[in-house]
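One letter stands for each residue in the lines below.
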Protein chains: 2
Amino acid sequence: MKATVVVRPKEGILDPQGEAVEGSLRKLGFDVSRVRVGRVVDIELSAENNDEARGQIERMCTELLANPLIESVEVSLDGS
Amino acid sequence: MKATVVVRPKEGILDPQGEAVEGSLRKLGFDVSRVRVGRVVDIELSAENNDEARGQIERMCTELLANPLIESVEVSLDGS
């Protein structure tokens, strides 16, 4: 099964990478604001069903993929 | 208008970050394979309509956000 985990800096949390990208885009002449940069992690995992997959992904996030204090996580599954 | 740009390493391109995450997840006991790590960039931009927004985003990708030789880009717009 394929899962996609999108990890973003939470609202209100400083995002230096986003600020750097925003500054560069402005210098290039683009009229942008509120640029935020996060990570996307695509994972192929073994799971019997979607519930088990979601449980596994949740544990992966807690143990490695995200810092729940400053990051929010969005999971989507693509059964295959 | 809000846009979300997802930048992923292209199929077949080496992804050391993905390999590192895959190794760590396996050490933690997860049965995973083919882990790939990319970036997600959320941008608030000024555009009259979706076509203009897509044109702008395309230029941002070419000029700053992605390396077309090794990365693929997926754009989604959320008019607001």
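Right above here is the structure, for reference.
Given the structure is predicted, the values throughout are model-derived calculations rather than measurements. (Residues numbered from 1 in each chain as written. Chains lettered and ligands numbered in written order. Predicted model: local features only at pLDDT ≥ 70, side-chain atom pairs only at ≥ 80, totals over all residues. Heavy atoms only, no water.)

> Lay out the sheet that holds strand E2 (residues 32–45) of chain A in plain terms, naming residues and giving numbers.
Reading across from one edge, E3(A)-E1(A)-E2(A)-E2(B)-E1(B)-E3(B) is the order of the six strands in this open sheet, with antiparallel pairing throughout. The strands lining the two open edges of the sheet, one partner per strand, are strand E3 (71–78) of chain A together with strand E3 (71–78) of chain B. Along the sheet, successive strands turn relative to each other by an average axial angle of 20°, direction set aside. Relative to E2 of chain A, strand E1 (residues 2–9) of chain A is paired through six bridges, and the arrangement is antiparallel. (Pairing = 2+ DSSP bridges. Helix = DSSP H or I, 4+ residues; strand = E, 2+ residues; numbered from the N terminus. Axes fitted to C-alpha atoms, helices over the stretch in contact; angles between N-to-C directions.)

> An account of the interface of chain A and chain B is requested, with residue identities and associated values reported.
Contact residues are listed per partner, giving 32 residues for chain A and 32 residues for chain B. For the pairing of chain A and chain B, the buried interface totals around 2600 Å² over both sides, and the portion due to carbon and sulfur atoms is 60%. Our count for the contact surface shared by chain A and chain B stands at two salt bridges. For Arg-8 of chain B, the salt bridge goes to Asp-42 of chain A, with nearest N and O atoms at 2.6 Å. For the pair chain A and chain B, the number of links is ten residue pairs in polar contact (both at pLDDT 80 or more). For the side of chain A that touches chain B, the elements supplying multiple residues, two or more each, are E1, helix H1 (16–27), E2 and helix H2 (50–65) of chain A. (Contact = heavy atoms within 4.5 Å. Buried area = accessible area lost by both parts, 1.4 Å probe. Salt bridge = Lys/Arg side-chain N within 4 Å of Asp/Glu carboxyl O. Polar contact = N/O pair within 3.5 Å; in protein donor to acceptor, adjacent residues only side chain to side chain.)

> Provide a residue-level description of the side chain of Thr-4 of chain A, including the pertinent values.
With respect to the helices and strands, Thr-4 of chain A occurs in strand E1. Only 2.9 Å separates the side chain of Thr-4 of chain A from the side chain of Asp-42 of chain A, close enough to count as a polar contact. In contact with Thr-4 of chain A, not counting residues within four places along its chain, are Val-40, Val-41, Asp-42, Glu-74, Val-75 and Ser-76 of chain A together with Arg-8 of chain B.

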